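Here's the letter readout for the chains.
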Amino acid sequence: MPERSGPGFRRRVGPPSRRARVALLTLGVLAVLFLLFVMFAGFWTDWLWFRSVRYSSVFTTQLWTKIGLFAVFGLLMAVIVGFNVWLAHRLRPPLSAMSVEQQSLDRYRSGLAPFKRWALIGVSLVIGLVAGAAASGQWRTWLMWTNATPFGEKDAQFGMDVSFYAFDLPFYEFVLGFAFSAVIVSLLTSALVHYLYGGLRLQGPGRRASAGAQGHLAVLLGVFVLLKAVAYWLDRYALAVKTGSYKGVSGWTGLRYVDANAFLPAKTILFFVAIICALLFFLTPVRRTWAPALIGLGLMVLSAVLIGGLYPAIVQQFQVKPNEQAKETPYIQKNIDATRQAYGIADAQTTQYSPQGSTTAEALKPDAQTISDIRLLDPNVVSPTFQSIEQQRNYYAFPNTLDVDRYGSGTDKQDTVIGLRELDLNGVQRNWINDHFKYTHGYGAVVAKGNQVSDKGEPVFTESGLPATGALGDYQQRIYYGEKTTSYSIVGGSNKEIDYTTKTGENKEYTYTGNSGVSLDNPITRAAYAVRFAEPQILYAGAITDGAKVIYNRTPKERVEKVAPWLSIDADAYPVVQDGRVVWVLDGYTTSDGYPFSSKTTLGTATKDSLTNQRGELLTVANQVNYIRNSVKATVDAYTGEVKLYQWDDQDPVLKTWMKAFPGTVEPKADIPGTLLPHLRYPQDMFKVQRDLLGQYHVTDANSFFNGSDIWQIPVDPTSDTKQVQPPYYVTVRMPDPQVTSASFSLTTTFVPNGRPNLAAFMAVNADPGPDYGKIRILKISGDNSAPGPGLVQSTFNSRQEVASQIFALKSGGDTELEYGNLLTLPVGGGLLNVEPVYVRGRGAKYPTLQKVLAVYGNDNVAFENTLEDALKKVFAGAAPGTTPTAPSTPNNPGTPTNPGTPTNPGTATGPGTATPGGTISPELQKALGDAEKAYNDSQTAFKNGDWVAYGNAQKALGDALKAAEAARGGSPVQAPTPGATPGATPTGSPSGQP
């Protein structure tokens, strides 16, 4: 029969052929298998990574907690909704009782009839899956509730332990929210079923609901109102952590007068009203009428408006506003006390300070060490200098911001600027083999003195070269884990990596021997990583041999965040060379937003400063907290990637809670290596959060806080164009406190009054581990003092004619650029010394060099000289040498000038290696006394010449010599020797044989 065709003719298409059906089925199965394998690859590679770093318990704890929450709450939601749908269907009226409207739905009921059971199961499971997925995201809330540790502190309103608000209340609110969701979904689905099967109708005369539908829905509404009663009760306690804005504090937290005297009783009344209303709903099936329940519901809504809304407004208007200060000060005081306690600033010591415009030699003596350790090398400016001088090869790079640390001991201990020569793949020919097999690591640390530069204005390196040599000695220099190392590498096996290139151009090769990474010997593992990294070559590349391992998640911050997801990690990791290893040190914070009465702060805002973009990271962007502790010190080995977590704050209840949730992950403080301890420091982000709060919360009196007349601000960084606030600076400084006898490594900042440019306060925290670690000291500038703030200091520099002319000359008509280094403010000699290094970058130059030093003391003593020494001589020109310094009362204060006293007779000391009763002294003691005499003479010479740097160094040497003499004598105190006296001679006028 001829084939028919033509307009209007539609070819009849039969079912697809068997071959086509098989092909489609095969493609579908393959697609499903691929999706399943992608999901498996993510899970499997995560498990392998956690196992490789020996934190598998973190992975399993999270996994089982999420699975448990998903299963329990998902199943609970499915059962609740499914039961109510089943019950609604069971309570349907007979067909004969249905109205015409309901009978019109018969075709829907008929279509659904064959699938009712499956529809019920399917709807319940879908709703359960959604609820379970939401519940699994609350794993932190669950773990904190089940492992809660008491704070031992009670809130000022209800007398509840703080742990109730930090750990219990969030979980109760989560469960309450889940219950509300279950009731609302059940109510909606039940109403739909009742309508579909005739239990509810919208039109026609007679009853709108059958008896079964009425009773069912009434009970559900009663449960909803009962839950609302529970919510009202919990809302009473939530008032203690309620956040609003008050007195310029955007995150003000806690009850105020209207909360305690209007909202709190209103919530209590509404709680009882809601219970009564719920009982009326429960009685509806018995009374067969909605009227009492609906009236009760209306009264509850009206009560909520009048008691919960109008009444507090009346109290605020007619009781609080006429006498606000008297009404609010008790609650302001609660907020002040709680905020200072929650942020660790309750013990901040504030003293009045009236900086003088000039000083004397006598006043400068206690601050000799501060002056000698002034840091000229700005770690935020000299990275290009390190890069140009010490990069060595194009595939190495230094971070944009270097780090400040302390190295050496005794007189050799000094602030240093350190950076690691990390891998930079932008400097190599990019291909898969080079990127992931050949160029795998950086090499060596580069260290420079913080307080010195060469005659060319370049850093004075104490560790440099490739391989690096210098003061750090022998250590593993390969950097496989670093801040700039963001891609994966495949190492080990027979792979030969580029270790480094010699001066002659020879490539030294190396094969990784560390225990880091995940083995790729298993084909399934290789396939999983091929999917994870979207790189199919991993599956079949011949370069991957037996024993090869993949290393990834290589930045220190990323590794610590992954093994400790309950910590917030400081944005600034810094390297330390100790015990022959390079380790990254990171500070971990435990936080909470549930500390009652403590005002909240946004971490991303509080930690932002002019260096944020240069450092590239914030602590967190939008996380609001009102409690923070630097509870953990973490280390990441730069060669093996090994992560260690050490308990730093052993009193922090939040850390104790997480340690119970993840046992064995945090090691005790006592396990911190002794060689690492001196390099630990007070963290910057913690300090930034504290200084942000102290701008207002340095005021401890509620009446003064209410008046708001003493608000401080962090000054804008005058050396930056970002218009952001000035960052804090690590310096060695002695605070002008009678209890502080020597300078210490500290983190410092300044404050200016709100809207004014003069200085309001100077703040420093002791950053050196020890008994004084974390002690915050604030020098509050007297109100009648016109000490300039950083902005005014910079203006003073730029407005002086002699300075301006030299700056113009340095710029050479635009051929060079000036870069201002960190503007350091230091309290010395009873006044304030401001020092700022000035770097010059010539046209075409790759890096800046330090050419000038700006210094100002008071308002009028300004210097712009080639060296720090010359600048200090000029600003301290009036500080002529005065009387001879007095002797120290104890020999262990190297920072205080000493006077040669009368040496005691060492002949009475006993013990091995010490003096004998006949007056003979040991060689050790003789050497120590000789060193002390030399150091004293050097300090006197430097003092007379006004060379404060040399004076500070000599004072430290004197202190070390006296300590050595004390040790040689078996612990007996030793005074400084008289210049020219014979060591060991019996002093005139001293009873022989007396110590």
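Residues numbered from 1 in each chain as written. Predicted model: local features only at pLDDT ≥ 70, side-chain atom pairs only at ≥ 80, totals over all residues. Heavy atoms only, no water.

Undergrad: Just checking my understanding: could you explain the sheet that holds strand 11 (residues 469–470) for this structure?
TA: Remark on secondary structure: sheet strands pair via backbone hydrogen bonds, oriented parallel or antiparallel. Taken together, 5 strands build an open sheet; the order of strands is 5-6-9-10-11 and the sheet is antiparallel. Since the sheet does not close on itself, it has two edges, and those belong to strand 5 (403–407) and strand 11, each with one partner. Summarising the sheet, strand 6 (residues 414–420) and strand 9 (residues 445–453) pair through 5 bridges and their orientation is antiparallel. Considered in strand 9, the bridge of I418 is made with V447. Sheet strands touched by helix 14 (residues 383–390): strand 6, strand 9 and strand 10 (459–464). Its angle to strand 10, the strand with the most contacts, is close to 55°. (Pairing = 2+ DSSP bridges. Helix = DSSP H or I, 4+ residues; strand = E, 2+ residues; numbered from the N terminus. Contact = heavy atoms within 4.5 Å. Axes fitted to C-alpha atoms, helices over the stretch in contact; angles between N-to-C directions.)

Undergrad: Where do I start with the confidence of the model for the protein chain in this structure?
TA: A low pLDDT score tells you not to read the predicted coordinates there in detail. Per-chain confidence: the protein chain averages 84 in pLDDT, with 85% of residues scoring 70 or above. Note that residues 881–919 has pLDDT below 50 and, in this model, 107 contacts with residues that lie over four places away or in other chains. Predicted confidence is poor over residues 975–995, with pLDDT under 50, and the contacts of this stretch with residues over four places away or in other chains come to 46 contacts. (pLDDT = per-residue confidence, 0-100.)

Undergrad: Sorry if this is basic, but what is going on with the environment of V126 here?
TA: Relative to the elements of secondary structure, V126 occurs in helix 5 (residues 116–136). Classification of V126 by relative accessible area gives exposed; the value is 52%. For the pair V126 and G74, spaced 52 residues apart in the sequence, the C-alpha separation amounts to 9.3 Å. (Buried < 20%, exposed > 50% of the residue type's maximum accessible area, 1.4 Å probe, protein only.)

Undergrad: What is the right way to look at the environment of L120 in this model?
TA: As for its placement among the helices and strands, L120 is situated in helix 5. By relative accessible area, which is 25% here, L120 ends up partly exposed. Spatially, the C-alpha atoms of L120 and W86 are 7.6 Å apart, while their sequence positions differ by 34 residues. Contacts of L120, omitting those with residues within four sequence positions, involve G82, V85 and W86.

Undergrad: Any chance you could explain helix 21 (residues 653–661) here in plain terms?
TA: Residues lying three or four places apart along an α-helix face the same way, a consequence of the helix completing one turn every 3.6 residues. Listing the buried residues of helix 21 in full gives P653, V654, L655, T657, W658 and A661. In this structure, the buried side of helix 21 is in contact with helix 2 (56–90), helix 6 (139–146), helix 7 (162–196), strand 20 (581–592), strand 23 (627–637) and strand 24 (643–647). For helix 21, the capping residue at the N-terminal end is D652, with a side-chain oxygen 3.2 Å from the backbone nitrogen of V654. (Polar contact = N/O pair within 3.5 Å; in protein donor to acceptor, adjacent residues only side chain to side chain.)

Undergrad: Could you clarify how one ought to interpret a nonpolar patch on the surface in this entry?
TA: Where nonpolar side chains cluster on the molecular surface, the patch consists of L24, L25, L27, V29, L30, V32, L33, L36 and M39 and spans about 930 Å² of accessible area. Relative to the assigned elements, V32 resides in helix 1 (residues 18–52). (Patch = residues over 30% accessible without salt bridge, like charges linked within 9 Å, V, L, I, M, F, W, Y side chains within 5 Å. Areas by Shrake-Rupley, 256 points an atom, 1.4 Å probe, with all protein chains shown as cover. Salt bridge = Lys/Arg side-chain N within 4 Å of Asp/Glu carboxyl O.)

Undergrad: What should I look at first to understand the packing of aromatic side chains in this one?
TA: How two aromatic rings sit relative to each other is given by the distance of their centres and the angle of their planes. Considering all chains together, one arrives at 50 aromatic pairs under this definition. Ring geometry for F43 and F59: centres 5.6 Å apart, planes at 50°, overall tilted. On the criterion of sequence distance, the pair formed by F43 in helix 1 and F59 in helix 2 is long-range, its members being 16 residues apart. Relative to F876, the ring of Y857 has its centre 5.3 Å away and its plane inclined at 80°; by these criteria the two rings are edge-to-face. (Phe/Tyr/Trp six-rings, centres within 6.5 Å; stacked < 30°, edge-to-face > 60°.)

Undergrad: Could you clarify how one ought to interpret the nonpolar core in this entry?
TA: What tends to happen in soluble globular proteins is that the nonpolar side chains get buried as a cluster. Ranked by size, the top nonpolar core spans 152 residues in total, and within it L645 and W658 carry the most contacts. Counting residues per element, this core draws most heavily on helix 7, which supplies 15 residues. When sequence neighbours within four positions are dropped, the list of residues in contact with W658 reads W139, R140, L143, M144, W566 and T590. One finds V382, F398, L826 and L833 within the second-largest nonpolar core, a separate group that totals 32 residues. (Core = buried A, V, L, I, M, F, W, Y, C linked by side-chain atoms within 4.5 Å.)

Undergrad: What am I meant to see in the pattern of salt bridges here?
TA: Note that side chains of opposite charge can pair when their charged atoms are close. According to the stated counting rule, one finds 29 salt bridges in the structure shown. For K242, the salt bridge goes to D259, with nearest N and O atoms at 2.6 Å. With K242 in the loop between helix 8 (211–238) and strand 1 (243–246) and D259 in helix 9 (residues 257–287), the pair connects residues that are 17 residues apart, well separated along the chain. Classification of D259 by relative accessible area gives buried; the value is 2%. Salt-bridge contacts for D435 lead to R430; the nearest nitrogen and oxygen are separated by 2.8 Å. Its relative accessible area of 9% is what places D435 among the buried residues.

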